[in-house]
Amino acid sequence: ASPLPALEAFWAAVEACAERVQEEALEGYTPRSIANICWSLAKLRMEGGQGGRGERPVEAALESRAASVLELAARRASDDLRAAAHGTGVQGGPNAWAREGLWGEWKPQEIANLCWAVGKSADIASHSVRGLFCAVAQAAGISRWTGFSPQELANTFQALTSAGLAPPPLVRRALAKTTKHRDMFNAQE
């Protein structure tokens, strides 16, 4: 039996999922769901896209939907992080949320996965993506990467550097944390 019908069904399901997410504009989606969807779309675009290792190129309709979802996710996360910075119930002013390692409803792993996905697959010059990366860079600089594992730090830092948003103080803090905790890294990291 040919695997082609199963593969076609898979791609149809991916496109239907991306279409639904796009239509719903991520309303009601948790940060974890958003990060997982974006990570998956980025992996599919890399491995199944033009020039990738996949069996079939990603079709234009799915490519367009994936780009739209990544853009929506960047905007949503940026808005969430900025709201947390100026949010209610955080004592100590607008920067207390980052200094305390509080990223609104977003966990470091979710931020890392989203930044990696957006950095790999989205238009890093877009306003939404730049807004997300600027909010993350600012918070990371203030919080000194509090709560980020070595892998999360590496993935987020890779995205920020790809967008040219890793100023020297942020680089120094990232290197200081990795040097201090180098025993936490394994060969993959």
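Draft legend 1. Structural view of the packing of aromatic side chains. In total, this model carries two aromatic pairs according to the counting rule given. Geometrically, the ring pair formed by Phe10 and Trp11 is edge-to-face, given 5.5 Å between the ring centres and 75° between the ring planes.

Draft legend 2. Structural view of the packing of helix 5 (residues 108-121) against helix 7 (residues 150-162). Close contact between helix 5 and helix 7 brings their axes to 8 Å; oriented N to C, the two are set at 35°. You can see that helix 5 and helix 7 cross each other, and the crossing is left-handed. From helix 5, Pro108, Gln109, Ile111, Ala112, Cys115, Trp116, Gly119 and Lys120 reach across to helix 7, where they touch Glu152, Asn155, Thr156, Gln158, Ala159 and Ser162. Counted by class, the contact of helix 5 with helix 7 contains six nonpolar, six polar and two charged residues.

Draft legend 3. Focus on the environment of Arg32. Relative to the helices and strands, Arg32 resides in helix 2 (residues 31-48). Taking the C-alpha atoms as reference points, Arg32 and Asn113, separated by 81 residues in sequence, lie 9.3 Å from one another.

Draft legend 4. Layout of the environment of Ala117. In this fold, Ala117 is placed in helix 5. Its relative accessible area of 0% is what places Ala117 among the buried residues. A sequence separation of 39 residues divides Ala117 from Thr156, and the C-alpha atoms of the two residues are 9.7 Å apart. Each residue touching Ala117, except ones within four places of it in the same chain, is listed here: Cys38, Trp39, Ala42, Leu70 and Ala122.

What counts and what doesn't
Residues numbered from 1 in each chain as written. Predicted model: local features only at pLDDT ≥ 70, side-chain atom pairs only at ≥ 80, totals over all residues. Heavy atoms only, no water. Phe/Tyr/Trp six-rings, centres within 6.5 Å; stacked < 30°, edge-to-face > 60°. Axes fitted to C-alpha atoms, helices over the stretch in contact; angles between N-to-C directions. Helix = DSSP H or I, 4+ residues; strand = E, 2+ residues; numbered from the N terminus. Left-handed = near helix turned anticlockwise from the far one by under 90°. Contact = heavy atoms within 4.5 Å. Nonpolar A, V, L, I, M, F, W, Y, C, P; charged D, E, K, R; others polar. Buried < 20%, exposed > 50% of the residue type's maximum accessible area, 1.4 Å probe, protein only.

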